[in-house]
Amino acid sequence: MSFQNKDNIIKFEKPNYEIKGLTDNKKIKRYVNNILGMIYGNCLGDAYGLSTEFLNKETIKELYPLPPSKKDQFIDFPDYITNKHNSRWDKGDWTDDTDQMILIMQSFLKNKTTSTSTSTSTSTSTSTSTSTSTSTTTTDFNDNRFNCLEFAKLLKDWVENGFKELSDQCGMGLGQTVGRVVFNDRFLEIPTLVSKYVWLDFNKSMAANGSLMRTSIISAMDFLNQKTVLENTIDCCRITHYDSRCIVSCIVFTHIISTIFKNQYNDSNQEEKEEEEEEEEEEEYNHIKIIEDLIKQIDQNGLYENIAEFHFNSNKMIDQDKKEDYLKQFNTHMRAKEWVDLELDDSSSIGYVYKCLGSSILTIRKYLQYYKDKKTKDKTPSYLFRKVLDELVREGGDSDTNGAVAGALLGSIIGYSNLPKDMLLEMPNKSWLDVQVVDFINLVNSRIKNSKVKPFTIDNKNYNKLNLSYLDETDSNPSTDFLKPISNKSNSNKSDDQNCIIQ
């Protein structure tokens, strides 16, 4: 949601828990439930986090004091305390984090509709060069790659106009990194090269969370082929965020979620062959097992540390001392055990991408901790989702982004059916989103059904087998010297003290 023309708002149906055409008239497959959980968990975490965005913990304690007893008291949603910043959004609405996730979803859907009788093919993997050819084809969607130029076009239009069907006037909540890239005169032509230019211009120091906040949706597209998922993730990240810390954070995140979907898909197929018994108990055990397996993967398996180490060590644009420091920081944030370890409200680094990634992992650790705690009276997924997100947003800082990423991860684990129904019904633009989500799920399913997805699992044996041509780059190759200096209009609707991009 963005700045609105209140006199020209299109009226949509009131939010409905059931998603018409998907969950309203049939039982959905388990993996579809998890994909929906990711999408709407992203929305809820974003919207809930807006309640405390840019506040520090002490201020939050004063605004939302906890009772002396150990009884839970959550920050109200959507009736949280408003201030100059969060009052710009309708209560219950998500922010730019989810808006940009929706743009990625829209770009995949546009790819689906562009190959009719006459098509123009464009090289999209690097966005630094393009080639076009015209041919006559039938409608066929073999190209499952993320289209960098299409997304750049959608992003630029959103920045300037928001979502027109919601009567937005412009995108709201734009951070410095995205703004400096998007407002460059050459962005629509060579977005990834512009992104590199911005990163170099800021002495390779910009490692903000703006790419991670939107990336969860990439996990769902062709999730059975993790090579495609991770390569799409890299392309999408580099359009605005060129730093290897951002790239590593994004591919680790989409690998985690796509693994969940892949395993749930396999389980769904198995369930069709067997009669289900004690369904509710199995579902509860299922999502706890997902969390336990994930934590084991992070703490013991070494895959994500290996991925990070490989990307840092192979990058020719990073000094050796920084490579070692980046890996050390990555491990520290991924293995944080308490909120204090992350210092999410530290004003000098609230938008640091590692903090966002680390807080999402810590959120699921807390979920498991409360589930296993005998003192926890309500262990339903819906309640624990709300409980751990409440803890997260009470830490302050860039809480809407942290909430969006954590909500997406938690939602991908527990599924849409276990998200808090009362919170879903408070999102004013849910029915608008529902229509697009149905189209996206249909696209995901059709590609699987029509054998467009070749299964490929990324593990400790092949994590370095991706298309990683960007690792061959140097500061001067490809050159960015021809690009013009960046204008100062990149942060037009965010005041300096509300900047979410610090690092």
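Per chain, the residues get numbers from 1 upward, laid out in the order the sequence is written. Restriction of local features to residues with pLDDT of at least 70 applies here, the model being predicted, together with a cutoff of 80 or more for giving and counting side-chain atom pairs; totals for whole chains, interfaces and linings are based on all residues. Each side-chain value is derived from all of the structure's non-hydrogen atoms; neither hydrogens nor water enter the calculation.

## A closer look at the overall build of the protein
Helix and strand definitions follow DSSP, with helices as H or I runs of at least four residues and strands as E runs of at least two, each counted in order from the N terminus. Each helix and strand counted, the protein has 16 helices and four strands in total. Exposure is judged per residue with a 1.4 Å probe applied to protein chains only, and the accessible area is read against the type maximum: over 50% gives exposed, under 20% gives buried, and values in between give partly exposed. Expressed as a percentage of its 503 residues, the buried residues of the protein come to 59%. Put simply, 80% of the contacts in the protein that link residues at least 6 apart link residues at least 24 apart. Where accessible areas are quoted, they stem from the Shrake-Rupley method and a 1.4 Å probe; at the residue level, only the protein chains shown are allowed to cover. Working note: accessible area of the protein is about 20900 Å², and carbon and sulfur atoms make up 46% of it. In what follows, a contact means two residues having at least one pair of non-hydrogen atoms within 4.5 Å.

## Concerning the packing of helix H12 (residues 353-372) against helix H14 (residues 399-414)
Here H12 crosses H14 at 45°, and the two axes come no closer than 8 Å. Our classification of the angle between H12 and H14 gives oblique. Judged by the twist between their axes, the crossing of H12 over H14 is right-handed. Across from Lys-355, Cys-356, Ser-359, Ser-360, Ile-361, Thr-363, Ile-364 and Tyr-367 in H12, the residues of H14 making contact are Thr-401, Asn-402, Val-405, Ala-406, Leu-409, Leu-410, Ile-413 and Ile-414. Of the residues belonging to the contact of H12 with H14, the class tally is 10 nonpolar, five polar and one charged. Interaxial angle, 0 to 180 degrees, is taken between N-to-C directions of lines fitted to C-alpha atoms, where a helix line uses only the stretch in contact. Throughout, the term roughly parallel applies to angles under 35 degrees, roughly antiparallel to angles over 145, roughly perpendicular to angles from 65 to 115, and oblique to all others. Handedness of a crossing is defined here by the sense of rotation of the near helix relative to the far one, left-handed for an anticlockwise turn of less than a right angle and right-handed for a clockwise turn. Classification used: nonpolar for Ala, Val, Leu, Ile, Met, Phe, Trp, Tyr, Cys and Pro, charged for Asp, Glu, Lys and Arg, polar for all others including Gly.

## Here's the deal with the packing of aromatic side chains
Note on ring pairs: Phe, Tyr and Trp rings are taken, using the six-membered ring of Trp, and paired if centres are within 6.5 Å. Classes follow the plane angle, with under 30 degrees stacked, over 60 edge-to-face and the rest tilted. This structure, assessed with the given rule, holds 17 aromatic pairs. Seen from their ring centres, Trp-199 and Tyr-242 are 5.7 Å apart, and the 40° between their planes marks the pair as tilted. Of the two residues, Trp-199 sits in helix H6 (residues 191-201) while Tyr-242 sits in the loop between helix H7 (226-238) and helix H8 (244-273), which places them 43 residues apart along the sequence. Side by side, Trp-199 and Tyr-242 carry an identical accessibility label, which is buried. A connected cluster of aromatic rings, assembled from ring pairs, spans Tyr-31, Phe-223, Phe-261 and Tyr-265. Two conditions define a charge sitting above a ring: the NZ of Lys or the CZ of Arg must be within 6 Å of the ring centre, and it must be within 35 degrees of the ring normal. The cationic tip of Lys-379 hangs over the ring face of Tyr-371; the distance from NZ or CZ to the ring centre is 5.7 Å. Its end group placed over the ring of Tyr-370, Lys-387 keeps NZ or CZ at 4.4 Å from the ring centre.

## Quick notes on the packing of helix H1 (residues 30-49) against helix H16 (residues 430-449)
Geometrically, a packed helix pair is captured by the angle between its two axes and the distance between the axes. Interhelical geometry of H1 versus H16 gives an angle of 145° and a closest axis separation of 11 Å. Judged by the sense of rotation from one axis to the other, the crossing of H1 with H16 is right-handed. Taking contact as the criterion, the partners of Tyr-31, Val-32, Ile-35, Leu-36, Ile-39, Tyr-40 and Cys-43 in H1 are, on H16, Lys-430, Leu-433, Asp-434, Val-437, Phe-440, Ile-441, Val-444 and Asn-445.

## Some thoughts on helix H13 (residues 381-393)
The end-to-end C-alpha separation of H13 is 18 Å, in line with the 18 Å expected for 13 residues at 1.5 Å each. By the criterion of burial, H13 is predominantly enclosed, with 11 of the 13 residues buried. Within H13 the residues assigned to the buried category are Pro-381, Leu-384, Phe-385, Arg-386, Lys-387, Val-388, Leu-389, Asp-390, Glu-391, Leu-392 and Val-393. What a helix is expected to span follows from its residue count: subtract one and scale by 1.5 Å.

## Focus: unusual backbone geometry
In the segment running from Phe-77 into Pro-78, the intervening peptide bond is cis, with an omega of 10°. Here Pro-78 lies in the loop between helix H2 (57-63) and helix H3 (96-113). In this chain, Asn-477 is followed by Pro-478 through a cis amide linkage whose omega measures 0°. Unusually for a residue other than glycine, Phe-54 sits at a positive phi of about 70°.

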